[in-house]
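Residue-level structure breakdown
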Amino acid sequence: MSSKKDNIWLAGHYILTMLTSLLALKFNLMNFGAELFGVWVLLSSIWGLSNVLDLGFGMALIRAISRGKSKNSDLNVISSTGLVFFLIFGILILAIGFSVSMIYYVGNPSLVNENIKETAVKTSLILGLFFYVNYISTCFRSLFEGLGGFVLYSKIAIIYSFLTLSAALLSLIFDLDFTGLATFLLIAAIIQLVLLKFLLRLVNPDIRTGLFNFNWKIFKELFSLV
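Each chain carries its own residue numbering, running from 1 in the direction its sequence is written. Where local features are concerned, this predicted model is filtered to residues with pLDDT of at least 70; where side-chain atom pairs are given and counted, the filter is 80 or more; whole-chain, interface and lining totals use all residues. To get the side-chain values, take all heavy atoms of the structure and skip hydrogens and water.

1. Looking at the pattern of salt bridges
The salt bridge criterion pairs a side-chain nitrogen of Lys or Arg with a carboxyl oxygen of Asp or Glu, the two atoms within 4 Å. Taken as a whole, this structure holds two salt bridges when the rule is applied. In this structure, Glu118 engages Lys122 in a salt bridge whose closest nitrogen and oxygen atoms are separated by 3.6 Å. Placement of both Glu118 and Lys122 in helix α4 (residues 117-146) is noted, with a separation of four residues, approximately one turn of the helix. Relative accessible area serves as the criterion here: at 44%, Lys122 is assigned to the partly exposed category. For Arg141, the salt bridge is made with Glu145, and the minimal N-O distance between the two is 4.0 Å. Here Arg141 pairs with Glu145, and both are found in helix α4, just four residues apart, close to one helical turn. A run of H or I in DSSP counts as a helix once it spans at least four residues, and a run of E counts as a strand once it spans at least two, with each numbered from the N terminus. Under the scheme applied here, a residue whose accessible area is under 20% of the maximum for its type counts as buried, over 50% as exposed, and between as partly exposed, the area being computed with a 1.4 Å probe on protein chains only.

2. Overview of helix α7 (residues 216-224)
The periodicity of an α-helix, 3.6 residues per turn, causes residues three or four positions apart to be oriented the same way. Every buried residue of α7 is accounted for by Ile218, Phe219 and Leu222. Along the axis of α7, the buried positions cluster into a sector of 105 degrees, meaning they face one direction only. Structural note: α7 exposes Trp216, Lys217 and Ser224 on the side pointing more than 90 degrees away from its buried face. Between the side-chain oxygen at the start of α7 and the backbone nitrogen of Lys217 there is a gap of 2.9 Å, and the oxygen is on Asn215. Starting at the helix axis, one direction is taken to each C-beta atom, and the arc is that of these directions. Throughout this description, a polar contact denotes any pair of N or O atoms lying within 3.5 Å of each other; where both atoms belong to protein, one of them has to be capable of donating a hydrogen while the other can accept it, and for residues adjacent in sequence the pair is counted only when both atoms sit in side chains.

3. Details of the nonpolar core
The biggest cluster of nonpolar side chains holds 54 residues, and the ones touching the most others in it are Trp40, Leu61, Leu127 and Phe140. Elements supplying a minimum of two residues to this core: α1 (2-50), α2 (57-67), α3 (72-106), α4, α5 (150-173), α6 (178-203) and α7. By the convention used here, residues are in contact when the closest approach between their heavy atoms is within 4.5 Å. For Leu61, the contacting residues outside a window of four places in its chain are Ile78, Gly82, Phe86, Cys139, Ser142, Leu143 and Leu222. Here, the term nonpolar core denotes a set of buried Ala, Val, Leu, Ile, Met, Phe, Trp, Tyr and Cys residues that are joined through side-chain atoms within 4.5 Å.

4. Considerations on the packing of α2 against α4
A pair of packed helices is captured by two measures, namely the crossing angle of their axes and the spacing between those axes. At their nearest, the axes of α2 and α4 sit 8 Å apart, and the two run at 35 degrees to each other. Crossing geometry of α2 relative to α4 is assigned as right-handed. Contact residues: Gly58, Leu61, Ile62, Ile65 and Ser66 in α2; Cys139, Ser142, Leu143, Glu145 and Gly146 in α4. Residues are sorted three ways: Asp, Glu, Lys and Arg are charged, Ala, Val, Leu, Ile, Met, Phe, Trp, Tyr, Cys and Pro are nonpolar, and all the rest, Gly among them, are polar. Counted by class, the contact of α2 with α4 contains five nonpolar, four polar and one charged residues. To get an axis, fit a line to the C-alpha atoms, keeping to the stretch in contact for a helix; angles then go from 0 to 180 degrees between the N-to-C directions. Here is the rule for handedness: rotate from the far helix to the near one, and if that takes an anticlockwise turn smaller than a right angle the crossing is left-handed, while a clockwise turn gives right-handed.

5. So, a nonpolar patch on the surface
Excluding any residue in a salt bridge, patches collect residues exceeding 30% relative accessible area, merging like charges within 9 Å and nonpolar Val, Leu, Ile, Met, Phe, Trp and Tyr side chains within 5 Å. What sets the accessible areas is the Shrake-Rupley method with a 1.4 Å probe; for residues, cover comes only from the shown protein chains. Taken together, the side chains of Ile15, Met18, Leu19, Leu22 and Leu25 define a hydrophobic patch exposed on the protein surface, amounting to about 470 Å² of accessible area. For Leu19, the location among the structural elements is in helix α1.

6. A word on the packing of aromatic side chains
Aromatic pairs are defined between Phe, Tyr and Trp rings, using the six-membered ring for Trp, whenever the two ring centres lie within 6.5 Å; interplanar angles under 30 degrees are classed as stacked, those over 60 as edge-to-face, and all others as tilted. Counted according to the given criterion, the structure contains 15 aromatic pairs. Pairing Phe32 with Phe178 gives two aromatic rings, centres 4.8 Å apart and planes at 80 degrees, and the pair type is edge-to-face. One end of the pair, Phe32, is in helix α1; the other, Phe178, is in helix α6, with 146 residues separating them in the sequence. With a centroid separation of 6.2 Å and 40 degrees between ring planes, the pair formed by Phe85 and Phe219 is classed as tilted.

7. Some words on the packing of α2 against α7
At a closest axis distance of 8 Å, the pairing of α2 and α7 adopts a crossing angle of 110 degrees. As judged from the angle between their axes, α2 and α7 are roughly perpendicular. On α7, the residues that touch Phe57, Ala60, Leu61 and Ala64 of α2 are Phe219, Leu222 and Phe223. Residues belonging to the contact of α2 with α7 are distributed by class as follows: seven nonpolar, no polar and no charged. Roughly parallel covers angles under 35 degrees, roughly antiparallel covers those over 145, roughly perpendicular covers 65 to 115, and oblique covers all other angles.

8. Here's the deal with the environment of Ile65
Take Ile65: it is sitting in helix α2. On a C-alpha basis, the gap between Ile65 and Leu94 in space is 27 Å, while along the polypeptide they are 29 residues apart. Once you skip the residues sitting within four places of it in the chain, Ile65 turns out to touch Leu75, Ile78, Ser79, Leu143, Gly146 and Leu147.

If you want it as structure tokens, here you go:
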């Protein structure tokens, strides 16, 4: 029954995410128009692609957490080591992504018109922060899944989907530019991260994710699971 319930919530999460994403695209197209919408898709796609660059570390973290459920001390070290990876590697991707965005996309006049270049630069920076917050959230999502908390994570993900939809709707209502929409998305990502961290601590109070619990041996073991 538990497995069936997990599957129902996961399916609901993915379906709602798809529907809210389609609605958000519609709102953004209505807000920006065809030409500016193309620039928005370009900027958001750069950082959207960055989200998949975890080298399989998220899945390795899920496996390690699943195997170490019996000992909280092991879970603390594994979760902390995973968090350090996402924090550091996320910064690396952030630096590379922003550089590539500036050189090959925002700085290309055939892709981004000069009169919106300043807005595009600010937007790319905010979307970079949006990516980084979501990247850290990947760590906590992996912890939830490793501990079998599929239902709770799915509920958080559904809330996040509606927050991103609300960001697009509010941007349309108030006629905001790229920067306004990107700021709303960043706020949504921060709310999701806070929920993930708070609820993980609430449901599993014995698990501590701290930078000082990092373990190089565990780090190498996690990479061996990739």
